[in-house]
Amino acid sequence: MREAVRKESEIFSELAEICASPGYVHAIASLCYQNDMIRYADTLTPEDMLQQFSIDILVRTEISTLVGLACKKQLNIDLPSPEVILFRVIFVTPILLIASMGCN
């Protein structure tokens with residue numbers, strides 16, 4: 001059975017809530033590190049660079065949106081546990097960003 005398509009405003013509100021949560025700036029920093037790190041051995045090759053053009057990499061506008069949403073409320077830079085950061089980075093944020101692409 002197919003799930004109902006969520007409204008963009010609903011997804012965006014949920015994303016805004018997560019971005020404003022305590023310490024989310026550290027999750028954004030982790031995303032930036034993951035997205036901008038080019039991994040290679042000995043010599044950088046064109047194939048090494050191709051990893052930057054994956055659908056798994058957030059584009060600048062997506063990162064900017066997360067930063068903007070984090071700054072809408074009082075910025076809380078407390079460092080959450082690594083598990084919380086990983087949960088937000090690996091699970092919640094990408095799901096909401098992907099969901100926002102396919103909504104009405």
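Cut-offs and rules
- Residues numbered from 1 in each chain as written.
- Predicted model: local features only at pLDDT ≥ 70, side-chain atom pairs only at ≥ 80, totals over all residues.
- Heavy atoms only, no water.
- Helix = DSSP H or I, 4+ residues; strand = E, 2+ residues; numbered from the N terminus.
- Contact = heavy atoms within 4.5 Å.
- Areas by Shrake-Rupley, 256 points an atom, 1.4 Å probe, with all protein chains shown as cover.
- Lys, Arg positive; Asp, Glu negative; His and termini not counted.
- Charge placed at Lys NZ, Arg CZ, Asp CG, Glu CD.
- 1 Å grid on protein atoms, 1.4 Å probe; cavity = no way out; pocket = protein on both sides within 12 Å on 5 of 7 lines; lining within 4 Å.
- Points joined across faces, edges and corners; volume = space filled by probe spheres on them.
- Nonpolar A, V, L, I, M, F, W, Y, C, P; charged D, E, K, R; others polar.
- Buried < 20%, exposed > 50% of the residue type's maximum accessible area, 1.4 Å probe, protein only.
- Polar contact = N/O pair within 3.5 Å; in protein donor to acceptor, adjacent residues only side chain to side chain.
- Axes fitted to C-alpha atoms, helices over the stretch in contact; angles between N-to-C directions.
- Parallel < 35°, antiparallel > 145°, perpendicular 65-115°, else oblique.
- Left-handed = near helix turned anticlockwise from the far one by under 90°.
- pLDDT = per-residue confidence, 0-100.

1. Structural notes on the overall build of the protein chain
Consideration 1: Along its length, the protein chain carries five helices and zero strands.
Consideration 2: When the helices and strands of the protein chain are read in sequence order from the N terminus, they spell out α-α-α-α-α.
Consideration 3: Principal-axis analysis of the C-alpha atoms gives the protein chain an extent of 45 × 40 × 25 Å.
Consideration 4: A separation of at least 24 residues holds for 75% of the contacts in the protein chain among residues at least 6 apart in sequence.
Consideration 5: When the accessible surface of the protein chain is totalled, it reaches about 7600 Å², and 61% of it is carbon and sulfur.
Consideration 6: One finds the centroid of the 8 positive side-chain charges in the protein chain at a distance of 10 Å from the centroid of its 13 negative side-chain charges.

2. Points about the layout of surface pockets
Where empty space is left can be seen by rolling a probe of water-molecule size over the atoms.
Consideration 1: Looking at the largest pocket, its volume works out to about 360 Å³.
Consideration 2: Around the largest pocket sit 15 residues that line it, and Ile55, Asp56, Ile57, Leu58 and Pro94 are the ones nearest its centre.
Consideration 3: Contributions of two or more residues to the lining of the largest pocket are made by helix H2 (24-36) and helix H5 (82-101).
Consideration 4: Looking at the lining of the largest pocket, the element that brings in the most residues is H5, giving six residues.
Consideration 5: Class assignment of the residues belonging to the lining of the largest pocket gives a composition of ten nonpolar, two polar and three charged.

3. Observations concerning the side chain of Thr93
Consideration 1: Tracing the backbone shows Thr93 in helix H5.
Consideration 2: By relative accessible area, which is 1% here, Thr93 ends up buried.
Consideration 3: A distance of 2.5 Å separates a polar atom in the side chain of Thr93 from a polar atom in the side chain of Tyr24.
Consideration 4: When neighbours within four sequence positions are excluded, Thr93 is seen to be in contact with Leu15, Tyr24, Leu31, Leu66 and Arg88.

4. Notes on the packing of helix H1 (residues 8-19) against helix H4 (residues 60-71)
Consideration 1: Two elements in contact, H1 and H4, have axes whose closest approach is 8 Å; the angle formed by their N-to-C orientations is 70 degrees. Taken together, the axes of H1 and H4 lie roughly perpendicular to each other. Taken as a pair, H1 and H4 cross one another with a handedness that is right-handed. Between H1 and H4, the residues in contact are Phe12, Leu15, Ala16 and Cys19 and Thr65, Leu66, Leu69 and Ala70, respectively.
Consideration 2: Taken together, the residues that form the contact of H1 with H4 break down as seven nonpolar, one polar and no charged.

5. Quick look at the confidence of the model for the protein chain
Consideration 1: Averaged over the protein chain, the pLDDT score is 83; the fraction of residues at 70 or greater is 93%.
Consideration 2: Per-element averaging of pLDDT across the protein chain places H5 at the bottom with 78 and H4 at the top with 90.

6. Points about the packing of H2 against H4
Any two packed helices are characterised by how steeply their axes cross, that is the angle between the axes, and by the distance between the axes.
Consideration 1: Where H2 meets H4, the axes come as close as 10 Å, and the angle between the chain directions of the two elements is 170 degrees. Of the possible angle classes, the one that applies to H2 and H4 is roughly antiparallel. In this structure, H2 meets H4 at a crossing whose hand is left-handed. Residues Tyr24, Ile28, Leu31, Cys32 and Asn35 of H2 form the contact with H4, whose own contacting residues are Ile63, Leu66, Val67 and Ala70.
Consideration 2: Residues that form the contact of H2 with H4 fall into these classes: eight nonpolar, one polar and no charged.

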